[in-house]
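# A look at the structure
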Amino acid sequence: MRTPLVMGNWKLNGTKESVTTLIKGIEAAADAATNVEVAVCPPAIFIEQVANLVANNSIEFGAQDVSTNIEGAYTGETSPVMVKEFAAKYSLVGHSERRQYHNETDAVVAAKFVAIQKHGLIPVLCIGETLEERETNVTKTVVETQLKAVIDVAGIDAFENCVIAYEPVWAIGTGKVATSEQAQEVHAHIRSWLAEQSKVVADKVQILYGGSVKAASAKELFSQADIDGGLVGGAALVIEEFVGIINGAK
Ligand code: 13P
């Protein structure tokens, strides 16, 4: 059985005050949900604060993005080694906002995936199709291509120690959540496609759904056979919503 994982992606949000309020507001629910892993990905500047706030509860944390470089003349970057120094567990990689606004190609995403693993973090590989791609019925090809780009570089066995987040771009921040059937269909496809390469990986890898997940939709989404939790944006910033989503994964 795969353990459900509920992960908040805070994106570019938060203040020192709101970060403390949010962690304090969700920690009891995270601790009580003993069969659910709970994690948050704050902006890099709040990583140390989050590390201190979660030291005595069960919440894990990760970065939203890291550099492929470890140190040197790379202005503005954050290295996976720096993130690991604060005992982070995860780093997102290939989020559609990074692909779209920072021109991250599949090759860049693959290099970041390798760097994240190499330095002891678990990559949360984000994949998903645009509305146009869904409407032209190429969703499955798109997710396969995004996965293959990483597998070609990292190898299939690397997927034993990663998380996949299926986030249809048209559902992110739009309020248009995929139906549980739509999401399950793609999740099942991803798992069976992986199984052709490694049954061990396919059985083990957690595949999260992301895109307008709310407390009201979480339980139904997470009850699908191949949906192992969620990667949550907007609703991860609202205590009652995120607590509801954690409880929906129990
Ligand atoms: P929303 O939950 O705000 O749609 O964001 C999803 C997402 O992009 C999580 O990474």
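Described below are features of the structure shown in this document. (Residues numbered from 1 in each chain as written. Predicted model: local features only at pLDDT ≥ 70, side-chain atom pairs only at ≥ 80, totals over all residues. Heavy atoms only, no water.)

Attention now moves to the overall build of the protein chain. When you go through the protein chain residue by residue, the secondary structure sums to 11 helices and eight strands. For a compact globule of 250 residues, the expected C-alpha radius of gyration is about 18 Å, and the protein chain comes in at 17 Å, within 12% of that figure. Oriented by its inertia axes, the alpha-carbon framework of the protein chain measures out at about 45 × 45 × 35 Å. The buried share of the protein chain, taken over its 250 residues, is 52%. Of the contacts made within the protein chain by residues no fewer than 6 positions apart, 73% connect residues no fewer than 24 positions apart. A total of about 11100 Å² of accessible surface is found on the protein chain, and carbon and sulfur atoms cover 52% of it. Side chains of the protein chain carry 20 positive and 31 negative charges; the gap between the two charge centres is 2 Å. (Helix = DSSP H or I, 4+ residues; strand = E, 2+ residues; numbered from the N terminus. Rg over C-alpha atoms; globule rule 2.2 N^0.38 Å. Buried < 20%, exposed > 50% of the residue type's maximum accessible area, 1.4 Å probe, protein only. Contact = heavy atoms within 4.5 Å. Areas by Shrake-Rupley, 256 points an atom, 1.4 Å probe, with all protein chains shown as cover. Lys, Arg positive; Asp, Glu negative; His and termini not counted. Charge placed at Lys NZ, Arg CZ, Asp CG, Glu CD.)

Within helix α11 (residues 239-248), the full set of buried residues consists of Phe242, Val243, Ile245, Ile246 and Gly248. Against the buried residues of α11 lie β1 (5-9), α1 (16-32), β2 (37-41), α10 (215-222) and β8 (229-232).

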